[in-house]
Amino acid sequence: MLSERLQSNIVRILNNRYLSLSPTAQTHLPEPRPGKDYMLYAHIPFCERLCPYCSFNRYLFEPTLATKYFDNLRQEMRMLADLGYDFKSLYIGGGTPTVMPDELFATIDEARRLFSIEEVSCETNPNHLTAEILAGLEGRVQRLSCGVQSFDDGLLKQMQRYEKYGSGLEILKRVKAVHNRFDSFNIDMIFNFPSQTENTLLYDLAAVLESGANQVTFYPLMASRAVEKSLAETVGRVDYARERYFYELISETLTGSDDPPFGFSSAWTFNRIAKPGIMQAGQTEPGGTFEIRAPMVDEYIIDYEEYPAIGSGGLSYLDGSLYVNTFSLQQYHEKISSGCMSLSGRTVFSKYDQMRYRFMMQLFGLRLDKQQWQQDFGCSVSAGVPAEYYFFKTIGAFDHEDKNEIIVNSKGRYLMVALMRQFFIGVNGVRDQARAALTTSERELLFGE
């Protein structure tokens, strides 16, 4: 797809300009603006095993270190409360947030004590879908997201997940047992592995349909330079030439029939459509056909453009600035102990960069609000980002446009998948910049160097 390659190259060039960190001496995030809705992101960087394709900040789990970390994380949460922040939504990512269940539960309980939390989204892995952990999450978490990645045994072995989580059939059995226990249960999948074939992708799709999960997110394979070598040595080098074909296969299987099992929630997240007579999570009465609207999707930036982040490796976007928390666990503990938040770097977006960011995020969420755009930026979409707007319009990526909104079609959805893949590779580059400040010993914890 020539238009995708052209736009991806433009995104790559612009990423190098505005996703470039500078050190910051700020000790705290800026105070909230009155009337602004924010979401709180909390990062748990510990995993029992480090996946070769993951670019997030993560360390091998060590109980004493993790206990201290959770304690400091709650302290940093209280710093946000002291600044005047309030939140209805909390997203807990990692890493593996459920690596210490009791500490996680205490953290969620503290968030609910400090803020007006109505919905919590939390990530986990298949080996933590146990009766004990699920019982503790119920009532505390509204949306649970499990990193499955694939149900194919060959791919699981390549990703070094087979020994850790079991076979695809064992994972499927665990996933099916979660059915209806949460308002929304999402499974994360990855497509376009170098060794993935059409048949293995269709196998994954069949397992998704059987799983009972009411949300599924299919990410295209992407990586930063920090994990490029380990990725190539385990799953192979990424080939983007067939990405569109695989994406269209996913979309058609999940949404393309006369009676589709799923509908689009974002360009790469799908929500299950309830069927008459079948009770679904979040349904109050039997019967009736409707689409389940999950409280959150993994790309929370669709619903919450601005969000402060706590925890080592967290990224905040506030007032046109991207803030990065230190990736060093030692420095994280030192900063929190001294009464400071964990900020280490910052990059400032120009007004044009902010408009580009809004344009991409809202179209990734399938709908751009033109009235809100005019109110926030004082210009039309076409005047604010003319190159991006007319590029999308010229190639026929808009399904509908009027004075209130723009909605993308199937061509626009895949283009947004490709652009968001490139954008997140750029964000992974920001993480690489933050990792560059790590000491030798901490880099060994991350990469085994």
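Everything numeric in this text was worked out from a predicted model, so none of it was measured.

Which residues make up the overall build of the protein, and what values do they have?
Tallying secondary structure elements over the protein gives 17 helices and 18 strands in all. For the protein, the residues scored as buried account for 59% of the 449 residues in total. Taking the intrachain contacts of the protein between residues at least 6 apart in sequence as the baseline, contacts between residues at least 24 apart amount to 73%. Accessible area of the protein: about 18000 Å², with a carbon and sulfur share of 50%.

Quick one: what's the story with the nonpolar core, residue by residue and with numbers?
Within the largest apolar cluster, 125 residues are counted, with the highest numbers of intra-cluster contacts made by Leu 80, Ile 187, Phe 218 and Phe 392. Ranked by residue count, the leading element in this core is helix α16 (residues 410-435), at 10 residues.

Talk me through the sheet that holds strand β14 (residues 321-325); I want residue IDs and the actual numbers.
Taken together, the four strands give an open sheet; going across it, the order is β1-β15-β14-β13, and neighbouring strands pair in antiparallel fashion. Each edge of the open sheet carries a strand with a single partner, namely β1 (22-23) and β13 (315-318). Relative to strand β15 (residues 343-348), β14 runs antiparallel, the two sharing five bridges. Paired with Tyr 323 across the strands is Arg 346, a residue of β15.

Tell me about helix α15 (residues 386-394), and please be specific about residues and values.
Inspection of α15 places Glu 388, Tyr 389, Phe 391 and Phe 392 among the buried residues, and these make up the whole buried set. Take α15 and look down its axis: the buried residues cluster within an arc of 165°, on one side only. In α15, the exposed residues that point more than 90 degrees away from the buried face are Ala 387 and Thr 394. With its phi angle positive at about 75°, Gly 396 sits one or two positions after the end of α15.

I'd love a proper account of the confidence of the model for the protein, names of residues and values included.
Detailed conclusions should not be drawn from predicted coordinates in areas where pLDDT is low. Taken as a whole, the protein shows an average pLDDT of 86; of its residues, 79% reach a score of 70 or greater. Across residues 277-295 the pLDDT falls below 50, and counting only partners more than four positions away or on other chains, this stretch makes 40 contacts in the model.

Report on the sheet that holds strand β5 (residues 89-94), specifying residues and quantitative values.
If you trace the nine strands from one edge of the open sheet to the other, you get β10-β11-β9-β8-β7-β6-β5-β2-β12, paired in mixed fashion. Of all the strands in the sheet, the pair left with one neighbour each is β10 (262-264) and β12 (309-310). Its contacts with the sheet place helix α10 (residues 243-255) against β8 (184-191), β9 (215-220), β10 and β11 (269-272), and it is angled at close to 125° to β10.

Could you give an account of the packing of aromatic side chains, with specific residues and numbers?
In total, this model carries 22 aromatic pairs according to the counting rule given. Ring plane angle 75° and centroid distance 5.2 Å describe the contact between Tyr 38 and Tyr 85, whose orientation is recorded as edge-to-face. In this pair, Tyr 38 sits in the loop between β1 and β2 (39-44) while Tyr 85 sits in the loop between α2 (63-83) and β5, placing the two residues 47 residues apart along the sequence. Relative to Tyr 390, the ring of Tyr 389 has its centre 4.8 Å away and its plane inclined at 85°; by these criteria the two rings are edge-to-face. Through successive ring pairs, a cluster of aromatic residues spans Phe 359, Tyr 389, Tyr 390, Phe 391, Phe 392 and Phe 398. Over the face of the ring belonging to Tyr 162 we find Lys 157, whose NZ or CZ atom lies 4.8 Å from the ring centre.

Can you break down helix α13 (residues 370-377) residue by residue, with the values?
For an α-helix the count is 3.6 residues per turn, leaving residues at separations of three or four pointing the same way. Regarding α13, the residues found buried are Lys 370, Trp 373 and Phe 377. What you see down the axis of α13 is that its buried residues fit within an arc of 55°, all on one side. In this structure, the buried side of α13 is in contact with α12 (351-364), β16 (367-369), α14 (381-384), β17 (398-401) and β18 (405-408). Two residues or fewer past α13, Gly 378 is found with a positive phi of approximately 70°.

How would you sum up the packing of α2 against helix α3 (residues 101-114)? Please name residues and give values.
Their axes nearest at 10 Å, the elements α2 and α3 cross at an angle of 10°. The orientation of α2 with respect to α3, classified from their angle, is roughly parallel. Between α2 and α3, the residues in contact are Thr 67, Phe 70, Leu 73, Arg 74, Met 77, Arg 78 and Ala 81 and Glu 103, Leu 104, Ala 106, Thr 107, Glu 110, Ala 111, Arg 113 and Leu 114, respectively.

Can you break down the environment of Phe 246 residue by residue, with the values?
Within the secondary structure, Phe 246 sits in helix α10. You can call Phe 246 buried: its relative accessible area is 3%. Separated by 50 residues in the primary sequence, Phe 246 and Gln 196 have C-alpha atoms spaced 9.8 Å apart. Excluding residues that lie within four positions of it along the chain, Phe 246 makes contacts with Phe 191, Asn 192, Gln 196, Thr 197, Glu 198 and Leu 201.

Outline the pattern of salt bridges, listing residues and values.
This structure, assessed with the given rule, holds 18 salt bridges. Across the pair Arg 367 and Glu 405 runs a salt bridge, and its minimum N-O distance is 2.5 Å. Of this pair, Arg 367 sits in strand β16 while Glu 405 sits in strand β18; the two residues are 38 residues apart in sequence, bridging distant segments of the chain. Through salt bridges with shared partners, one network takes in Arg 33, Lys 36, Glu 306 and Asp 319.

Procedures and definitions
Residues numbered from 1 in each chain as written. Predicted model: local features only at pLDDT ≥ 70, side-chain atom pairs only at ≥ 80, totals over all residues. Heavy atoms only, no water. Helix = DSSP H or I, 4+ residues; strand = E, 2+ residues; numbered from the N terminus. Buried < 20%, exposed > 50% of the residue type's maximum accessible area, 1.4 Å probe, protein only. Contact = heavy atoms within 4.5 Å. Areas by Shrake-Rupley, 256 points an atom, 1.4 Å probe, with all protein chains shown as cover. Core = buried A, V, L, I, M, F, W, Y, C linked by side-chain atoms within 4.5 Å. Pairing = 2+ DSSP bridges. Arc of directions from axis to C-beta. pLDDT = per-residue confidence, 0-100. Axes fitted to C-alpha atoms, helices over the stretch in contact; angles between N-to-C directions. Phe/Tyr/Trp six-rings, centres within 6.5 Å; stacked < 30°, edge-to-face > 60°. Lys NZ or Arg CZ within 6 Å of the ring centre and 35° of its normal. Parallel < 35°, antiparallel > 145°, perpendicular 65-115°, else oblique. Salt bridge = Lys/Arg side-chain N within 4 Å of Asp/Glu carboxyl O.

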